[in-house]
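# Structural features, examined
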Amino acid sequence: AARGLLVLAPPVFLFLQCILLSAARKHTMHSALQRLNVMSSQISAALLVMAVLLGVSGYNALREPVVSLDSARVIQLVPDRRFYKADTAVMRVSFEADLTPLFNWNTRVVFAYLTAHYSTPSRPENSVVVWDHILTKKEEAKITVHDAQAKYFLRDVDFELRNANVTFTLHYDVMPHTGLIFTSNHGELPLQVPAEYVMDRIN
(Lines give C-alpha, C1' and ligand atoms only; values in the text may rest on other atoms or scores of the structure.)
Protein backbone atom coordinates (compact mmCIF):
# COMPACT_ATOMS: atom_id res chain seq x y z
CA ALA A 1 0.00 0.00 0.00
CA ALA A 2 2.83 2.41 0.88
CA ARG A 3 4.49 1.78 -2.48
CA GLY A 4 1.21 2.48 -4.25
CA LEU A 5 0.83 5.80 -2.41
CA LEU A 6 4.39 6.69 -3.34
CA VAL A 7 3.61 6.16 -7.02
CA LEU A 8 0.36 8.17 -6.89
CA ALA A 9 1.64 11.00 -4.72
CA PRO A 10 3.67 12.97 -7.33
CA PRO A 11 0.79 13.47 -9.81
CA VAL A 12 -1.62 14.31 -6.97
CA PHE A 13 0.75 16.91 -5.56
CA LEU A 14 1.33 18.29 -9.05
CA PHE A 15 -2.41 18.71 -9.53
CA LEU A 16 -2.77 20.46 -6.18
CA GLN A 17 0.20 22.63 -7.02
CA CYS A 18 -1.48 23.86 -10.21
CA ILE A 19 -4.63 24.75 -8.26
CA LEU A 20 -2.65 26.60 -5.60
CA LEU A 21 -0.58 28.44 -8.18
CA SER A 22 -3.71 29.63 -9.94
CA ALA A 23 -5.21 30.81 -6.68
CA ALA A 24 -1.97 32.42 -5.50
CA ARG A 25 -1.83 34.69 -8.51
CA LYS A 26 -4.86 36.51 -7.17
CA HIS A 27 -3.12 37.29 -3.86
CA THR A 28 -0.04 39.17 -2.74
CA MET A 29 3.47 37.88 -3.41
CA HIS A 30 4.01 36.36 0.02
CA SER A 31 0.53 35.00 0.61
CA ALA A 32 -0.13 31.77 2.46
CA LEU A 33 -1.28 30.16 -0.78
CA GLN A 34 2.05 30.89 -2.44
CA ARG A 35 3.99 29.50 0.49
CA LEU A 36 1.80 26.39 0.42
CA ASN A 37 2.38 26.12 -3.33
CA VAL A 38 6.16 26.21 -2.84
CA MET A 39 5.93 23.59 -0.10
CA SER A 40 3.79 21.26 -2.24
CA SER A 41 6.22 21.69 -5.13
CA GLN A 42 9.13 20.64 -2.95
CA ILE A 43 7.24 17.66 -1.55
CA SER A 44 6.17 16.56 -5.05
CA ALA A 45 9.77 16.78 -6.31
CA ALA A 46 11.03 14.79 -3.33
CA LEU A 47 8.43 12.05 -3.85
CA LEU A 48 9.22 11.91 -7.55
CA VAL A 49 12.92 11.45 -6.78
CA MET A 50 12.07 8.74 -4.24
CA ALA A 51 9.91 6.92 -6.84
CA VAL A 52 12.76 7.02 -9.37
CA LEU A 53 15.27 5.78 -6.78
CA LEU A 54 12.89 2.97 -5.80
CA GLY A 55 12.58 1.86 -9.42
CA VAL A 56 16.34 1.99 -10.06
CA SER A 57 17.24 0.23 -6.82
CA GLY A 58 14.66 -2.49 -7.46
CA TYR A 59 16.03 -3.06 -10.95
CA ASN A 60 19.61 -3.30 -9.65
CA ALA A 61 18.52 -5.76 -6.96
CA LEU A 62 17.26 -8.32 -9.50
CA ARG A 63 19.33 -11.49 -9.62
CA GLU A 64 19.61 -14.28 -12.16
CA PRO A 65 16.98 -17.03 -11.69
CA VAL A 66 17.84 -20.71 -11.90
CA VAL A 67 16.11 -22.47 -14.80
CA SER A 68 16.40 -26.07 -15.95
CA LEU A 69 14.47 -27.19 -19.05
CA ASP A 70 14.54 -30.98 -18.83
CA SER A 71 12.38 -32.60 -21.51
CA ALA A 72 9.55 -32.16 -23.98
CA ARG A 73 7.73 -34.69 -26.12
CA VAL A 74 4.83 -34.79 -28.54
CA ILE A 75 2.06 -37.15 -27.45
CA GLN A 76 -0.34 -36.37 -30.29
CA LEU A 77 -0.09 -34.65 -33.68
CA VAL A 78 -3.21 -34.32 -35.79
CA PRO A 79 -4.36 -32.25 -38.81
CA ASP A 80 -7.35 -30.32 -37.43
CA ARG A 81 -9.16 -29.35 -40.64
CA ARG A 82 -12.57 -28.82 -39.07
CA PHE A 83 -12.25 -26.29 -36.22
CA TYR A 84 -8.84 -24.61 -36.10
CA LYS A 85 -7.69 -25.58 -39.60
CA ALA A 86 -4.14 -26.23 -38.45
CA ASP A 87 -1.69 -28.91 -37.45
CA THR A 88 -2.23 -29.42 -33.73
CA ALA A 89 0.39 -30.90 -31.41
CA VAL A 90 -0.28 -31.96 -27.83
CA MET A 91 2.89 -32.04 -25.74
CA ARG A 92 4.21 -32.95 -22.35
CA VAL A 93 6.97 -30.85 -20.78
CA SER A 94 9.26 -31.07 -17.77
CA PHE A 95 11.17 -28.15 -16.30
CA GLU A 96 12.15 -26.47 -13.04
CA ALA A 97 12.59 -22.78 -12.33
CA ASP A 98 13.53 -20.88 -9.20
CA LEU A 99 12.35 -17.31 -9.83
CA THR A 100 12.69 -16.10 -6.23
CA PRO A 101 15.71 -13.89 -7.17
CA LEU A 102 13.30 -11.77 -9.22
CA PHE A 103 11.35 -10.71 -6.12
CA ASN A 104 12.35 -7.67 -4.05
CA TRP A 105 10.70 -4.63 -2.45
CA ASN A 106 9.70 -3.22 -5.84
CA THR A 107 8.38 -6.40 -7.50
CA ARG A 108 4.65 -6.37 -8.03
CA VAL A 109 4.13 -9.45 -10.20
CA VAL A 110 6.19 -11.82 -12.35
CA PHE A 111 4.71 -13.31 -15.51
CA ALA A 112 6.47 -16.51 -16.59
CA TYR A 113 5.76 -18.26 -19.87
CA LEU A 114 7.22 -21.07 -21.96
CA THR A 115 7.44 -20.48 -25.70
CA ALA A 116 8.00 -22.83 -28.62
CA HIS A 117 10.03 -21.37 -31.50
CA TYR A 118 10.15 -23.09 -34.87
CA SER A 119 10.56 -22.44 -38.59
CA THR A 120 8.54 -23.68 -41.56
CA PRO A 121 8.91 -23.17 -45.33
CA SER A 122 5.96 -20.76 -45.33
CA ARG A 123 6.87 -18.86 -42.16
CA PRO A 124 10.53 -18.71 -41.11
CA GLU A 125 9.75 -17.26 -37.66
CA ASN A 126 7.09 -18.76 -35.39
CA SER A 127 6.69 -18.33 -31.64
CA VAL A 128 3.86 -19.89 -29.65
CA VAL A 129 3.18 -19.77 -25.90
CA VAL A 130 2.49 -23.29 -24.61
CA TRP A 131 2.53 -22.61 -20.84
CA ASP A 132 2.24 -19.57 -18.59
CA HIS A 133 1.86 -18.65 -14.94
CA ILE A 134 1.41 -15.43 -12.95
CA LEU A 135 3.45 -15.12 -9.74
CA THR A 136 2.42 -12.60 -7.09
CA LYS A 137 4.38 -13.91 -4.09
CA LYS A 138 7.97 -14.95 -3.55
CA GLU A 139 6.72 -18.15 -1.92
CA GLU A 140 5.15 -19.16 -5.26
CA ALA A 141 8.28 -18.56 -7.32
CA LYS A 142 9.69 -22.10 -7.23
CA ILE A 143 8.10 -23.90 -10.18
CA THR A 144 8.29 -27.63 -10.86
CA VAL A 145 6.55 -29.12 -13.88
CA HIS A 146 7.12 -32.86 -14.33
CA ASP A 147 5.93 -34.53 -17.54
CA ALA A 148 2.76 -32.46 -17.50
CA GLN A 149 0.65 -31.66 -20.51
CA ALA A 150 1.33 -28.17 -21.81
CA LYS A 151 -1.48 -25.72 -21.08
CA TYR A 152 -1.83 -24.72 -24.73
CA PHE A 153 -1.56 -26.70 -27.95
CA LEU A 154 1.08 -26.00 -30.55
CA ARG A 155 -0.71 -25.14 -33.81
CA ASP A 156 0.50 -24.34 -37.31
CA VAL A 157 -2.06 -22.93 -39.76
CA ASP A 158 0.02 -23.97 -42.80
CA PHE A 159 -0.06 -27.68 -41.84
CA GLU A 160 3.77 -27.71 -41.81
CA LEU A 161 4.39 -28.77 -38.23
CA ARG A 162 5.52 -32.29 -39.09
CA ASN A 163 9.27 -32.82 -38.75
CA ALA A 164 9.75 -29.24 -37.52
CA ASN A 165 12.60 -28.42 -35.16
CA VAL A 166 11.18 -26.71 -32.08
CA THR A 167 13.13 -24.85 -29.40
CA PHE A 168 11.54 -24.19 -26.00
CA THR A 169 12.55 -21.15 -23.94
CA LEU A 170 11.31 -19.89 -20.57
CA HIS A 171 10.60 -16.15 -20.54
CA TYR A 172 9.71 -13.90 -17.62
CA ASP A 173 8.42 -10.34 -17.30
CA VAL A 174 9.01 -8.53 -14.01
CA MET A 175 6.38 -5.85 -13.41
CA PRO A 176 7.47 -3.39 -10.68
CA HIS A 177 5.44 -1.08 -8.45
CA THR A 178 7.31 1.82 -10.01
CA GLY A 179 9.69 1.83 -12.95
CA LEU A 180 9.98 -0.05 -16.23
CA ILE A 181 9.03 -3.67 -16.93
CA PHE A 182 12.07 -5.98 -17.07
CA THR A 183 11.96 -8.84 -19.60
CA SER A 184 14.41 -11.69 -20.10
CA ASN A 185 14.57 -15.42 -20.88
CA HIS A 186 16.52 -18.53 -19.93
CA GLY A 187 17.29 -21.94 -21.36
CA GLU A 188 16.88 -23.69 -24.68
CA LEU A 189 15.37 -27.14 -25.10
CA PRO A 190 15.26 -28.65 -28.60
CA LEU A 191 12.54 -30.99 -29.85
CA GLN A 192 11.90 -32.51 -33.26
CA VAL A 193 8.25 -33.02 -34.11
CA PRO A 194 7.44 -36.48 -35.55
CA ALA A 195 7.62 -36.73 -39.34
CA GLU A 196 4.19 -38.37 -39.47
CA TYR A 197 0.91 -37.62 -37.75
CA VAL A 198 0.31 -39.28 -34.37
CA MET A 199 -3.44 -39.80 -34.37
CA ASP A 200 -3.71 -41.75 -31.11
CA ARG A 201 -2.54 -39.97 -27.99
CA ILE A 202 0.56 -41.45 -26.33
CA ASN A 203 0.63 -41.43 -22.53
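Residues numbered from 1 in each chain as written. Predicted model: local features only at pLDDT ≥ 70, side-chain atom pairs only at ≥ 80, totals over all residues. Heavy atoms only, no water.

Where two aromatic rings form a pair, the distance of their centres and the angle of their planes describe that pair. Following the criterion strictly, the structure yields two aromatic pairs and no others. Ring centres of Phe 95 and Trp 131 lie 5.0 Å apart, and the angle between their planes is 80°; this geometry places the pair in the edge-to-face category. Highlighted residues: Phe 95 in strand E2 (residues 86–98) and Trp 131 in strand E4 (residues 126–135), separated in sequence by 36 residues. Exposure class is identical for Phe 95 and Trp 131. Each is buried. Lying over the aromatic face of Phe 159, Arg 81 brings its terminal NZ or CZ to 4.4 Å of the ring centre. Taking the ring centre of Tyr 84 as reference, the NZ or CZ of Arg 155 above it sits at 3.5 Å. (Phe/Tyr/Trp six-rings, centres within 6.5 Å; stacked < 30°, edge-to-face > 60°. Helix = DSSP H or I, 4+ residues; strand = E, 2+ residues; numbered from the N terminus. Buried < 20%, exposed > 50% of the residue type's maximum accessible area, 1.4 Å probe, protein only. Lys NZ or Arg CZ within 6 Å of the ring centre and 35° of its normal.)

Within the largest apolar cluster, 37 residues are counted, with the highest numbers of intra-cluster contacts made by Phe 95, Leu 99, Leu 114, Leu 154 and Phe 168. The set of elements that each furnish at least two residues to this core consists of strand E1 (66–80), E2, strand E3 (107–118), E4, strand E5 (142–149), strand E7 (165–176) and strand E8 (182–192). Not counting the four nearest positions on each side in its chain, Leu 154 is found in contact with Asp 87, Thr 88, Ala 89, Met 91, Ala 116, Tyr 118, Val 128, Leu 161 and Val 166. (Core = buried A, V, L, I, M, F, W, Y, C linked by side-chain atoms within 4.5 Å. Contact = heavy atoms within 4.5 Å.)

Right, let's get into the pattern of salt bridges. Pairs can form between side chains of opposite charge once their charged atoms are near each other. Inspection of the entire model under this criterion finds three salt bridges. With its nearest N and O atoms 2.6 Å apart, the salt bridge here joins Asp 158 to Arg 123. A residue pair is termed long-range when its members are at least 10 positions apart, and Asp 158 in the loop between strand E6 (154–156) and E7 and Arg 123 in the loop between E3 and E4 qualify at 35 residues. (Salt bridge = Lys/Arg side-chain N within 4 Å of Asp/Glu carboxyl O.)

A word on the environment of Gln 76. Tracing the backbone shows Gln 76 in strand E1. Here Gln 76 falls in the buried class, since its relative accessible area comes to 14%. Between the C-alpha atom of Gln 76 and that of Arg 201, which follows or precedes it by 125 residues, the distance is 4.8 Å. With near-sequence residues (within four places) excluded, Gln 76 lies in contact with Thr 88, Ala 89, Val 90, Val 198, Met 199, Asp 200 and Arg 201. Here the side chain of Gln 76 touches Arg 201 through a polar contact of 3.2 Å, side chain to side chain. (Polar contact = N/O pair within 3.5 Å; in protein donor to acceptor, adjacent residues only side chain to side chain.)

Here the focus is the confidence of the model for the chain. For the chain, mean pLDDT is 82; residues scoring 70 or higher make up 70% of the total. When mean pLDDT is taken per element in the chain, E4 scores highest with 97 and helix H1 (residues 2–24) scores lowest with 51. Below a pLDDT of 50 lies the segment residues 1–9, which in the model reaches eleven contacts outside its immediate sequence neighbourhood of four places, other chains included. (pLDDT = per-residue confidence, 0-100.)

On to the sheet that holds E7. Sheet strands associate in pairs through backbone hydrogen bonding, adopting either a parallel or an antiparallel arrangement. The strand order across the open sheet built from four strands is E4-E3-E7-E8, with neighbouring strands paired in antiparallel fashion. The sheet terminates laterally at E4 and E8, the two strands that pair on one side only. Taking the axes of each pair of neighbouring strands and ignoring which way they run, one obtains an average angle of 20° across the sheet. (Pairing = 2+ DSSP bridges. Axes fitted to C-alpha atoms, helices over the stretch in contact; angles between N-to-C directions.)

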